[in-house]
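Each chain, written out:
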Amino acid sequence: MKKIILGLFLLFGAQVFAQGRMSEDVLKKMQEEEIAALALNEEQIPAYKEINKDFTEGLQALRNSNGDRSKRFEQMRKLSEKRDEDLKELLTEDQFKKYTKMQEERREQMRGRMRDRRQN
C-alpha cells in the first residue's frame, strides 16, 4: 500500500521524496520539462498549468487532512483520475499518449528507488 501511495505522488509529480516535499522550484521545473516534452502550444499551456495547480492543491489538502488513510488514498485516486480526464480533453491524442508514457516511466523509476531503499 505504501508503495502505491508513494508511486502515485511521484507519478503525478506533485509531492514528496527527500524531506517530505518537493520544493516549488522543483515542481515548476518538472512542469516546464513536461510542457516542452509534450510540445504544448500557447493556448494549452495556461490550461495545463491550471490542471496541475488544482491537482497539487488537492493533494496538499489531502496530505494535511487527518482522515482515514484508505479514504485519503481513494480521494487521491479520484484526483488523479480527474487530472487525467482533464488532460485527455486538453491534449491531442499524440500528446496524451506521450503524457501517459512519461507517467509510466516515472512510475518505473519510483519502483526502482523503492527497491533500492529496501535493499539498503
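Thresholds, definitions, all that
- Residues numbered from 1 in each chain as written.
- Predicted model: local features only at pLDDT ≥ 70, side-chain atom pairs only at ≥ 80, totals over all residues.
- Heavy atoms only, no water.
- Core = buried A, V, L, I, M, F, W, Y, C linked by side-chain atoms within 4.5 Å.
- Buried < 20%, exposed > 50% of the residue type's maximum accessible area, 1.4 Å probe, protein only.
- Helix = DSSP H or I, 4+ residues; strand = E, 2+ residues; numbered from the N terminus.
- Contact = heavy atoms within 4.5 Å.
- Salt bridge = Lys/Arg side-chain N within 4 Å of Asp/Glu carboxyl O.
- Axes fitted to C-alpha atoms, helices over the stretch in contact; angles between N-to-C directions.
- Parallel < 35°, antiparallel > 145°, perpendicular 65-115°, else oblique.
- Left-handed = near helix turned anticlockwise from the far one by under 90°.
- Nonpolar A, V, L, I, M, F, W, Y, C, P; charged D, E, K, R; others polar.
- Polar contact = N/O pair within 3.5 Å; in protein donor to acceptor, adjacent residues only side chain to side chain.
- Expected span 1.5 Å × (residues − 1).
- Phe/Tyr/Trp six-rings, centres within 6.5 Å; stacked < 30°, edge-to-face > 60°.

Going by an unreviewed UniProt entry, the protein carries the name DUF4890 domain-containing protein and comes from Zunongwangia atlantica 22II14-10F7.

Asks: Would you mind showing me how to read the nonpolar core here?
Replies: By size, the foremost hydrophobic cluster in this structure holds 11 residues: I35, L38, L40, I45, Y48, I51, L87, L91, F96, Y99 and M102. Where this core is concerned, the elements lending two or more residues are α2 (24-38), α3 (44-64) and α5 (93-119). Once residues lying within four places of it in the same chain are set aside, the contact partners of I51 are R83, D86, L87 and L90. The next biggest cluster of nonpolar side chains, apart from the first, holds five residues, and it includes F55, L59, L62 and M76.

Asks: So what exactly am I meant to see when it comes to the pattern of salt bridges here?
Replies: Side-chain pairs of opposite charge can arise where the charged atoms are in close proximity. The full count for this structure, using the stated rule, is 10 salt bridges. Taken together, the shared-partner salt bridges connect E74, R77 and E81 into one network.

Asks: Help me understand the packing of α2 against α3, please; the structure alone is not making it clear to me.
Replies: Any two packed helices are characterised by the angle at which their axes cross and by the distance between the axes. With their axes 11 Å apart at the nearest point, α2 and α3 run at an angle of 135° to one another. Taken as axis vectors, α2 and α3 run oblique relative to one another. As α2 runs across α3, the sense of the crossing is right-handed. Where α2 abuts α3, its residues Q31, E32, E34, I35 and L38 lie against I45, Y48, K49 and N52. Looking at the contact of α2 with α3, its residues break down into four nonpolar, two polar and three charged.

Asks: Can you help me understand the side chain of Q44 in this one?
Replies: Structurally, Q44 can be placed in helix α3. Q44 gets classed as buried once you look at its relative accessible area, which sits at 6%. One polar contact links Q44 to Q95, side chain to side chain, over a distance of 2.8 Å.

Asks: How should I be thinking about unusual backbone geometry in this particular structure?
Replies: Negative phi is the rule for most residues except glycine; trans is the rule for most peptide bonds. The backbone of A39 shows a phi angle near 55°, a positive value even though the residue is not glycine. In this structure, A39 sits in the loop between α2 and α3. Judged by relative accessible area, which is 55%, A39 ranks as exposed.

Asks: Hey, could you run me through α5 in this one?
Replies: For an α-helix, the turn length of 3.6 residues means that residues three or four places apart are oriented alike. End to end, α5 covers 39 Å across 27 residues, agreeing with the expected 39 Å (1.5 Å per residue, within 8%). Taken together, the buried positions of α5 are occupied by Q95, F96, Y99, M102, Q103, R106, M110, G112 and M114.

Asks: What's the story with the packing of aromatic side chains in this structure? I'm lost.
Replies: How two aromatic rings sit relative to each other is set out by the distance from centre to centre and by the angle between their planes. In total, this model carries one aromatic pair according to the counting rule given. Aromatic side chains F96 and Y99 sit 5.7 Å apart centroid to centroid with 35° between the ring planes, which places their arrangement in the tilted category. Taken together, the residues span about one helical turn, with F96 and Y99 both in helix α5 at a distance of three residues. Judged by its relative accessible area of 17%, F96 falls in the buried class.

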